[in-house]
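Structural characterization, general
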Amino acid sequence: MGREPIITVIGSINMDLVVSVDRKPNRGETVKGESFDTLPGGKGANQAIALARLGATVNMVGMVGDDAFGYELKSNLEKENVQVEAVGVTEGISTGVAVITIAENDNSIAVVSGANEKVTPAYIREYEKIIKQSDIVLTQFEVPISTVEEAAMICEKHGIPIVLNPAPFEKLSDSLLDKVTYLTPNQHEYELIKGYKRYFENDYQSKLIITKGEVGAVFFENEKPQIVSAFTVQPIDTTGAGDTFNSAFTYMMTKTNNIEEACRFSNAAAALSVLKKGAQLGMPTKEEVNSFLS
Ligand code: ADP
């Protein structure tokens, strides 16, 4: 495709509340924290921003609450050139948040889905026109699984390819697996899917791209796993590596049918993303990826 693609992301929008402490408080105890940051996150929003940086025209379909975080996150998306016509605001519910406590070797995360739960099948049906006009759709599991199933159905109806990043892990039905064009678990999610689904690998090989952290990514060709090696870098913060990989992969599948080439580009984008702190800060532009690769 010569022109830049139009891509719809259906997914979560969160504010990450990050507290750094020397050690976690014990029961009933108060400890002094070292720092506190609010960082825009949510897999959907992260992936939308990564796609916009790569040059795609991106429509985000999502929901925030009628609170300060909601407005801040929506304007953050706009600032990053993501179209927010389909980002709704629901009154009386909080914006999604992830409360992240970072202690030495002992991080913990509590996620409140909040308004992300309002990204329902009925809500995305309102935006069928946007989905229909897309070159490809990207989604994940931080919105209800019934919504992901609806998205896959709408895409099938209009012949639009759909990439599902099955994170965080949820059990997938065969009918969903049949409808998705590409499934992109990380190693951990892949093991969990294989754990409950017999013959998963045999039946869905051609759709599978497994990300394996610093090893790279694996896809199958003629029933043989092919490793596309990651680039060697000194990571500062790997948060958002998977999101960057997924966006780069989705973007590239509008440009080529060559999965290996798409994985190489995506490994490069993800390698660049781990060189900066936070999920969104390190996500590279297309020019940055190309100059890294040249
Ligand atoms: P997730 O972040 O979803 O757990 P992975 O850990 O599999 O996903 O990472 C996604 C991609 O990010 C990998 O396929 C690879 O391209 C890149 N990546 C992750 N960690 C590193 C690393 N330490 N060095 C280089 N690339 C990395």
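So, a few notes on the structure that sits alongside this text. Keep in mind that this is a model prediction, so the values were computed, not measured.

Description of the overall build of the protein
- Secondary structure summary: the protein contains eleven helices and 13 strands in total.
- Whereas a compact globule of 294 residues would reach a radius of gyration of roughly 19 Å, the protein reaches 19 Å, a difference of no more than 12%.
- Taking the principal axes of the C-alpha coordinates as reference, the protein spans close to 55 × 45 × 40 Å.
- Counting all 294 residues of the protein, 52% fall into the buried class.

Quick word on the sheet that holds strand E5 (residues 82–90)
- As summarised here, the arrangement of the six strands in space is E5-E4-E1-E8-E9-E10, forming an open sheet in which the pairing is parallel. Two strands lie at the open edges of the sheet, namely E5 and strand E10 (182–183), each paired on one side alone.
- With five bridges connecting them, strand E1 (residues 6–10) and strand E4 (residues 57–65) associate as parallel partners. In the strand pairing of E4, isoleucine 10 is matched with valine 61.
- Sitting on the sheet, helix H5 (residues 145–158) touches E1, strand E8 (136–140) and strand E9 (162–165), and the angle it makes with E9 is about 160°.

As for the sheet that holds strand E3 (residues 33–41)
- Pairing in this open sheet of four strands is mixed, and the strands run E3-E2-E6-E7 from one edge to the other. Strands at the two margins of the open sheet, each flanked by one partner only, are E3 and strand E7 (108–112). Taken pair by pair, the neighbouring strands of this sheet meet at an average axis angle of 15°, ignoring direction.
- Bridge analysis of strand E2 (residues 14–21) against strand E6 (residues 96–102) gives seven bridges, and the strand direction is parallel. Each residue of the ladder has a partner; that of aspartate 16, found in E6, is alanine 98.

Details of the site of the ligand
- Taken together, 15 residues lie around the ligand, and Asn186, Thr211, Gly213, Gly216 and Asn267 are the ones closest in.
- In this structure, asparagine 186 approaches the ligand through a side-chain N or O atom, which is 3.0 Å from an oxygen atom.
- A distance of 2.8 Å is found between an oxygen atom of the ligand and a backbone nitrogen or oxygen belonging to glycine 213.
- When the free accessible area of the ligand is taken as 550 Å², the share hidden by the protein chains comes to 82%.
- Residue assignment for the shell around the ligand shows that the elements contributing at least two residues are helix H9 (241–252) and helix H10 (259–273).
- No other element matches the three residues that H9 contributes to the shell around the ligand.
- Here the shell around the ligand is composed, by residue class, of seven nonpolar, six polar and two charged.

Digging into the pairing of E6
- Burial within E6 is extensive, with five of its seven residues counted as buried.
- Pairing of E6 with E7, which is carried by five bridges, proceeds in the antiparallel orientation. Paired with isoleucine 100 across the bridge in E7 is isoleucine 109.
- Between E6 and the antiparallel strand that follows it, E7, lie five residues; asparagine 105 among them carries a positive phi value of about 55°.

Topic: the pattern of salt bridges
- Throughout the structure, instances matching the rule amount to eight salt bridges.
- Two residues, glutamate 4 and lysine 255, come together in a salt bridge whose shortest N-O distance is 3.5 Å. One end of the pair, glutamate 4, is in the segment before E1; the other, lysine 255, is in the loop between H9 and H10, with 251 residues separating them in the sequence.
- Note on glutamate 4: relative accessible area 25%, which makes it partly exposed.
- Judged by its relative accessible area of 28%, lysine 255 falls in the partly exposed class.

What counts, and at which threshold
- Residues numbered from 1 in each chain as written.
- Predicted model: local features only at pLDDT ≥ 70, side-chain atom pairs only at ≥ 80, totals over all residues.
- Heavy atoms only, no water.
- Helix = DSSP H or I, 4+ residues; strand = E, 2+ residues; numbered from the N terminus.
- Rg over C-alpha atoms; globule rule 2.2 N^0.38 Å.
- Buried < 20%, exposed > 50% of the residue type's maximum accessible area, 1.4 Å probe, protein only.
- Pairing = 2+ DSSP bridges.
- Contact = heavy atoms within 4.5 Å.
- Axes fitted to C-alpha atoms, helices over the stretch in contact; angles between N-to-C directions.
- Near = heavy atom within 4 Å.
- Polar contact = N/O pair within 3.5 Å; in protein donor to acceptor, adjacent residues only side chain to side chain.
- Areas by Shrake-Rupley, 256 points an atom, 1.4 Å probe, with all protein chains shown as cover.
- Nonpolar A, V, L, I, M, F, W, Y, C, P; charged D, E, K, R; others polar.
- Salt bridge = Lys/Arg side-chain N within 4 Å of Asp/Glu carboxyl O.

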